[in-house]
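Listed below are the residues making up each chain.
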Amino acid sequence: MSADQKGKAVRRCMLSGGVRASLSLRGDIVPLAVAAALTVVRLALAYQTPVTVLLGAGTAADDRLFANAALYLAADRWLGPYGRYTLAKNPGYPMILAFCGVTHIRYQLFLMGLQALACLAFAIALRPRIGSRWVRVIVYLALLYTPLLFTTAYFRRIYRDGMVIPFAILSLSAYIGWYLRRKVPVRGQLPWAVAAALGLVPLSLIKENFSWVLPLVLVCSLVMAIGWLADARREGRGLRGPVARVVLLALPLALVWAASAAVSHVNYERYGFYGTNERFSGSFARVCSDLSGIDAGKKNEGIWVSRKALGSAMGASPTLAKIRESIQASWDEWDETFDGREVYGDLAYWALRQGYYDAKPNATARSASAFWSKVDAELQAAVKADSLATKGGLRVSKVAPPVGREDVLPWAGRTLSATVTLLHLDILQERLIGPGWKPVSPPGGYASEELKMRRLLGGNTLLNGAEDDTAKRTAMVSTVDYYLGRAGIAIMRVANLLLVPAAVALAVLTARGRVRRPVEPLLVAVGLALTALAFEAATVWYVSYQLGVFSQSSYILEASKYSPEFYAVVSMLECLIFAELAGLEHKHAR
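Report on the accompanying structure. (Residues numbered from 1 in each chain as written. Predicted model: local features only at pLDDT ≥ 70, side-chain atom pairs only at ≥ 80, totals over all residues. Heavy atoms only, no water.)

1. Some thoughts on the overall build of the chain
Then, number 1: Helix and strand counts for the chain stand at 25 helices and two strands.
Then, number 2: In terms of overall size, the chain behaves like a compact globule, its C-alpha atoms giving a radius of gyration of 26 Å where 590 residues would be expected to give roughly 25 Å.
Then, number 3: Considering only C-alpha atoms, the chain reaches an extent of 85 × 65 × 45 Å along its principal axes.
Then, number 4: Scored against the burial criterion, the 590 residues of the chain give a buried share of 53%.
Then, number 5: Sequence separation of at least 24 residues holds for 78% of the intrachain contacts in the chain that already meet a minimum separation of 6.
Then, number 6: Summed over all atoms, the accessible surface of the chain reaches about 26300 Å², with 63% contributed by carbon and sulfur. (Helix = DSSP H or I, 4+ residues; strand = E, 2+ residues; numbered from the N terminus. Rg over C-alpha atoms; globule rule 2.2 N^0.38 Å. Buried < 20%, exposed > 50% of the residue type's maximum accessible area, 1.4 Å probe, protein only. Contact = heavy atoms within 4.5 Å. Areas by Shrake-Rupley, 256 points an atom, 1.4 Å probe, with all protein chains shown as cover.)

Following this line, the structure appears as structure tokens:
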């Protein structure tokens, strides 16, 4: 082999993050042993940490919805008989609960095992840029011991917000690793395509706001595809190789579509409704969009569907007017949660849904879809006839009101303010798992369902309102969880404070020529930062209704509740920047 060929081989090995021929004790074996030992500790803690089933009042559209669906899935009855909540949300999370029950894998262990795999994927993804195994191990452990998974909201509660964290990290890690290896042979990119599919498919089925991850995914894919085509043209090669790579790029998104189509097909076979959920797809979602777009005159961004807008809709839709009394009764019930006059935010859609099913208790998914299709057609006809005024602006989601030109600056200000507040981590610290177990509320009328969930998920599942009857070591583990969470919060706060200075330092080193291939970390860092900011902007717009009737602290609490993905992406961004700086220091020391 010539010297030139050897050089190319070495470069290919570096690009692919290839394993060195020999392992050193201090630089390789010890960090791997440390990572393995601390992984076992984290898994053991997760296994012993109790989780809570909340099936009491106020959980019909949340915890109880997922629990009932999981029990039906485990009994091979799909999502059960059709009712007002059966298709209200995506079935991905109940599928995971049912899988844990059927396989007898403890839920906490499954979640933490996924987190370990996702963190490992991120650490490996950075290998072409971060040569030090110690630095990559620290990155892995920083994400594995994230304080997010030491909280009641994201770990101890049986709810989907915690489950999205590992899948979000895995999805983004896959595309980062793929991008950093864009010049290696196709076989070296195949594992990243598999990782992308394993992250994106469950993520798309767990929550309905899956689209937040698509900008980074699509931009990474576009940059890689253009680069491959440009290289082939410059080097005079045929298109066969680049086309094969582009097909591989399309595979994860094709599988996302296939999974959605499969769930939709089963729903159609069982209920006569084609879609993964009724709230964001189908005729009910279109009506929700129609209602939030009605211009009722006086503007209040906290009120998505005002009583006046509802009245205008009933005037334009004879079909909707047929259930006027039931809808008004539902509105009267739901507005008691707020100011006694209006229903705020997306709760208007739950009130609308309740009004319909109270009026038609024997409705099927097929008849409900037909009803809302007729309402949608009548509202659209009224809009075309200029008999129903509508708002203009950008649609952040299918159901939220459009963002008008005059809303942009206040929205941006609230987004930045909320981002800074969330990065203080005060709310996250308040939600840390506390030592021991404190009853949430008195036992309700759902004891039988709670016992079924306990049998499904294991004896470490606590019942709502029941005293902790698990082993004493479980209470001790909760105490350990609390102090590890406090330590994680402290470290995360320091990282948040140093993020901007670290980014500036990296930029200075880049300008001095100290950073190799500086475009790579720049694009990845900017992509993660914009992803986090865009996600939080959408979340802020979604929960801003709280400001119209509740306190600022309630609004921030709601924003934090829906922001596990934001916290995860910010942590990945910090790990990337600090790892780049540490990697440069490691090279300088050597």
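2. Re helix α17 (residues 365–384)
Then, number 1: Its 20 residues place the ends of α17 28 Å apart at the C-alpha level, agreeing with the 28 Å of an ideal helix rising 1.5 Å per residue.
Then, number 2: All of the buried residues along α17 are A365, A368, F371, W372, V375, D376, E378, L379 and A382. Projection of α17 onto a plane perpendicular to its axis shows the buried side chains occupying an angular sector of 165°, all on one side.
Then, number 3: Buried-residue contacts for α17 involve α11 (240–271), α12 (282–292), α13 (307–316), α14 (318–321) and α16 (347–359).
Then, number 4: Phi turns positive one or two residues past the end of α17, at D386, with a value near 60°. (Expected span 1.5 Å × (residues − 1). Arc of directions from axis to C-beta.)

3. Considering the packing of aromatic side chains
Then, number 1: For the structure shown, the criterion picks out 22 aromatic pairs.
Then, number 2: On the numbers, 5.4 Å between centres and 50° between planes, the contact of Y356 with W372 is tilted. Pair noted here: Y356 is in helix α16 and W372 is in helix α17, with a separation of 16 residues, a long-range link. As far as burial versus exposure is concerned, Y356 and W372 are alike and both buried.
Then, number 3: Here the guanidinium or amino end of R106 rests over the ring plane of Y47, the centre of that ring lying 4.0 Å away.
Then, number 4: The side chain of R353 reaches across the aromatic face of F284, ending 5.3 Å from its centre. (Phe/Tyr/Trp six-rings, centres within 6.5 Å; stacked < 30°, edge-to-face > 60°. Lys NZ or Arg CZ within 6 Å of the ring centre and 35° of its normal.)

4. Topic: the state of the cysteines
Then, number 1: Going through the model one piece at a time under the given rule, you end up with zero disulfides.
Then, number 2: Here C100 is not cross-linked by a disulfide; its sulfur's nearest cysteine counterpart is in C119, at 18 Å.
Then, number 3: On the basis of relative accessibility, which here comes to 0%, the residue C100 falls in the buried class.
Then, number 4: C575 provides the cysteine sulfur closest to C220, a residue in no disulfide bond, and the two sulfurs are 18 Å apart.
Then, number 5: C220 gets classed as buried once you look at its relative accessible area, which sits at 14%. (Disulfide = S-S within 2.5 Å.)

5. Observations regarding the packing of helix α2 (residues 25–48) against helix α6 (residues 133–144)
Then, number 1: Between α2 and α6, whose axes approach to 9 Å, the crossing angle comes to 10°. In terms of their interaxial angle, α2 and α6 are classed as roughly parallel. Where α2 approaches α6, its residues R26, G27, D28, V30, P31, L32, V34, A35, L38, T39 and R42 are matched on the opposing element by R133, W134, V137, Y140, L141 and L144.
Then, number 2: Considered class by class, the residues forming the contact of α2 with α6 number eleven nonpolar, two polar and four charged. (Axes fitted to C-alpha atoms, helices over the stretch in contact; angles between N-to-C directions. Parallel < 35°, antiparallel > 145°, perpendicular 65-115°, else oblique. Nonpolar A, V, L, I, M, F, W, Y, C, P; charged D, E, K, R; others polar.)

Function-wise, these values are silent; they only describe arrangement.
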